[in-house]
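# Examining the three-dimensional arrangement
Next come the chains, spelled out residue by residue.
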Amino acid sequence: QIYPDLCSAPRTATVGPFGSAVAEQPFVYTVTVAPSDTDLFGHVGHFQFVRYCLDCVSLGTGKGAYSKHKLKSVETLYQGEARAGDVLTVVSWEDPSQPDTIKFQIKKG
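This text gives an overview of the structure that appears in the document.

## Some details on the pattern of salt bridges
Where side chains of opposite charge bring their charged atoms close, a pairing between them can arise. Evaluated as defined, the whole model comprises four salt bridges. Among the ionic pairs, Asp 55 bridges to Arg 51, the shortest N-O distance being 3.8 Å. Taken together, the residues Asp 55 and Arg 51, both in helix H2 (residues 46-62) and four residues apart, mark about one turn of the helix. Residue class for Asp 55 comes out partly exposed when judged on its relative accessible area of 28%. A salt bridge links Glu 81 to Arg 83; its shortest N-O distance comes to 3.6 Å.

## What about the pairing of strand S2 (residues 87-94)?
Most of S2 is tucked away, with six of its eight residues classed as buried. The pairing of S2 with strand S3 (residues 102-108) spans seven bridges and is classified as antiparallel. What sits directly across from Val 91, in S3, is Gln 105.

## Some thoughts on the packing of aromatic side chains
A full pass over the atoms with the stated rule returns two aromatic pairs. Here the aromatic rings of Phe 27 and Tyr 66 are separated by 6.5 Å at their centres, their planes lie at 75°, and the arrangement is edge-to-face. Of this pair, Phe 27 sits in strand S1 (residues 27-32) while Tyr 66 sits in the loop between H2 and S2; the two residues are 39 residues apart in sequence, bridging distant segments of the chain. The pair formed by Phe 27 and Tyr 66 is uniform in burial state, with each residue classed as buried.

## Comments concerning the nonpolar core
Among the nonpolar cores identified, the biggest contains 14 residues, and Tyr 52 and Leu 88 are the most heavily contacted of them. Listed by contribution, the elements that provide at least two residues to this core are S1, H2 and S2. Top contributing element to this core by residue count: H2, with four residues. With residues near it in sequence (within four places) discarded, Leu 88 still touches Tyr 29, Thr 30, Val 31, Val 33, Phe 49, Tyr 52, Ala 82, Ile 106, Lys 107 and Lys 108.

## What to know about H2
For H2, spanning 17 residues, the distance from its first C-alpha to its last is 25 Å, which sits close to the expected 24 Å at 1.5 Å a residue. Three or more residues of H2 are buried, namely Gln 48, Phe 49, Val 50, Tyr 52, Cys 53, Cys 56, Val 57 and Gly 60. Here the buried face of H2 lies against S1, S2 and S3. A positive phi of about 75° marks Gly 64, the residue just after H2.

## Digging into the environment of Glu 75
In this structure, Glu 75 sits in the loop between H2 and S2. What makes Glu 75 partly exposed here is its relative accessible area of 47%. Each C-alpha atom, one on Glu 75 and one on Lys 103, is 9.8 Å from the other, the two residues being 28 residues apart in sequence.

## Focus on the sheet that holds S1
An order of S1-S2-S3 is seen for the three strands of this open sheet, with the pairing classed as antiparallel. Looking at strand neighbours, the two that pair on one side only are S1 and S3, the edges of this open sheet. The sheet shows a mean angle of 20° between the axes of neighbouring strands, taken without regard to direction. Sheet strands in contact with H2 are S1, S2 and S3, and its direction is about 135° off that of S1.

Rules behind the numbers
Residues numbered from 1 in each chain as written. Predicted model: local features only at pLDDT ≥ 70, side-chain atom pairs only at ≥ 80, totals over all residues. Heavy atoms only, no water. Salt bridge = Lys/Arg side-chain N within 4 Å of Asp/Glu carboxyl O. Helix = DSSP H or I, 4+ residues; strand = E, 2+ residues; numbered from the N terminus. Buried < 20%, exposed > 50% of the residue type's maximum accessible area, 1.4 Å probe, protein only. Pairing = 2+ DSSP bridges. Phe/Tyr/Trp six-rings, centres within 6.5 Å; stacked < 30°, edge-to-face > 60°. Core = buried A, V, L, I, M, F, W, Y, C linked by side-chain atoms within 4.5 Å. Contact = heavy atoms within 4.5 Å. Expected span 1.5 Å × (residues − 1). Axes fitted to C-alpha atoms, helices over the stretch in contact; angles between N-to-C directions.

Next comes the structure, spelled out in structure tokens:
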């Protein structure tokens, strides 16, 4: 297999919200939704949210916010929508209880 880590890792049954478990020193990235990030209904496409997280981890790693990571999997929980022009705040942090894990919360406003 080309990617044995992806095929052998157990899958999480359900993704749930993190609650208020944000680290004391999170890395914060702000993005304004571009019209090209939306679908035919004017909503941000699901992959765009993942892209915002990837942009955040890339910038955070470059600024020393956390160690370098190799993407192995992505789990998402969508709880709201965003549209062109909305300002989104992407909060990210390393989870000390789960090595090699970076968590994100995207909030509107």
